[in-house]
Each structure stands twice: as structure tokens, then as C-alpha cells.
Amino acid sequence: MIVQLESITEHIKQLELKLLQIDLKADPALIDDLLSDEFEEISGSGQVNSRNNVVYWLRNKDNHIQWLLIDFRIKVLTDDLVMAIYTAQKLSDPDSTSKGSMRTSIWKCQEGNWRMLFHQASKIS
């Protein structure tokens, strides 16, 4: 079970990085592979964002910014549901003075693919 948990943890981490770093304008179908139809987000400012709002952000984000995911771990909630918890920091944004954000995502395995159901970011001050 430990090997499987490590494998799922690394897989979910890579999916989180895809959402942050890949140019989703070039591969818009990838969004449907990564985000559940029921997806919603609570932003760092506390605003609830619909799937459509997040998709718009993902398609228009700066793809040159690289991210570091620190202390990445998952908690298994059910056989097909996990929660990822980590700190995200921008690596290649020289104008940023942010210390990053604590993030939580809930991922569900649907038809053999992991898709994000929920995401919340809390800025670190």
C-alpha cells in the first residue's frame, strides 16, 4: 500500500504542475482531462470561482512562470478520492514578493483518470 500511495502522490503532484505550467491554449482538451465538470475553487482572496472562471484563468495565465510545490502530500479520503496539500511558490517571477500559498485540492478518479473536483489557495503573508 505504501508503494501505491507514493505512486499516486507523485502522479497527483505532476497533474497539479500540469495545470500550473502547461500552455492549455495549445492543448485545450487537457483541461477536460484534469478538471471535473463539477469543479469549483476558492481563491486566495476568498472568492468562489466557477469552473468556467478557472478555465479562463488557466488559458490566459503566464506559462513562463515555473512553480515549486513544497511539502506535497496526499490524504486518501476514499478508494477514488484523495486530497492534496502543499505550498506553492513561484520560481521564475522576478516581480513577485509573495511567499507563496498553501493549497488544497480534492482529486477524484473518474473512468480511470484523476480529475480535480475542488481547489483552495490561501496566501501566506
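Above this text is the structure in question.
Residues numbered from 1 in each chain as written. Predicted model: local features only at pLDDT ≥ 70, side-chain atom pairs only at ≥ 80, totals over all residues. Heavy atoms only, no water.

Draft legend 1. Region of interest: helix 3 (residues 51-60). Listed in full, the buried residues belonging to helix 3 are R51, V54, V55 and L58. Projected down its long axis, helix 3 carries its buried residues within an arc of 100 degrees, all on one side. In this structure, helix 3 carries N52 and Y56 as exposed residues pointing more than 90 degrees from its buried face. (Buried < 20%, exposed > 50% of the residue type's maximum accessible area, 1.4 Å probe, protein only. Helix = DSSP H or I, 4+ residues; strand = E, 2+ residues; numbered from the N terminus. Arc of directions from axis to C-beta.)

Draft legend 2. Molecular detail of the sheet that holds strand 2 (residues 48-50). Read from one edge of the open sheet, 6 strands run 2-1-6-5-4-3, paired in mixed fashion. With partners counted over all chains shown, the strands left at the sheet margins are strand 2 and strand 3 (67-78), one partner each. Along the sheet, successive strands turn relative to each other by an average axial angle of 20 degrees, direction set aside. Here strand 3 runs beside strand 4 (residues 81-90); their pairing, made up of 9 bridges, is antiparallel. What sits directly across from T78, in strand 4, is L81. Strands in contact with helix 3 are strand 1 (35-42) and strand 2; relative to strand 1, the strand with the most contacts, it is inclined by about 85 degrees. (Pairing = 2+ DSSP bridges. Axes fitted to C-alpha atoms, helices over the stretch in contact; angles between N-to-C directions. Contact = heavy atoms within 4.5 Å.)

Draft legend 3. Representation of the side chain of S105 within the structure. By the element assignment, S105 lies in strand 5 (residues 101-110). One polar contact links S105 to H119, side chain to side chain, over a distance of 2.7 Å. In contact with S105, other than residues within four places in its own chain, are E16, V82, M83, A84, Y86, M116, F118 and H119. (Polar contact = N/O pair within 3.5 Å; in protein donor to acceptor, adjacent residues only side chain to side chain.)

Everything listed here is a matter of coordinates, which is why it stays silent on function.
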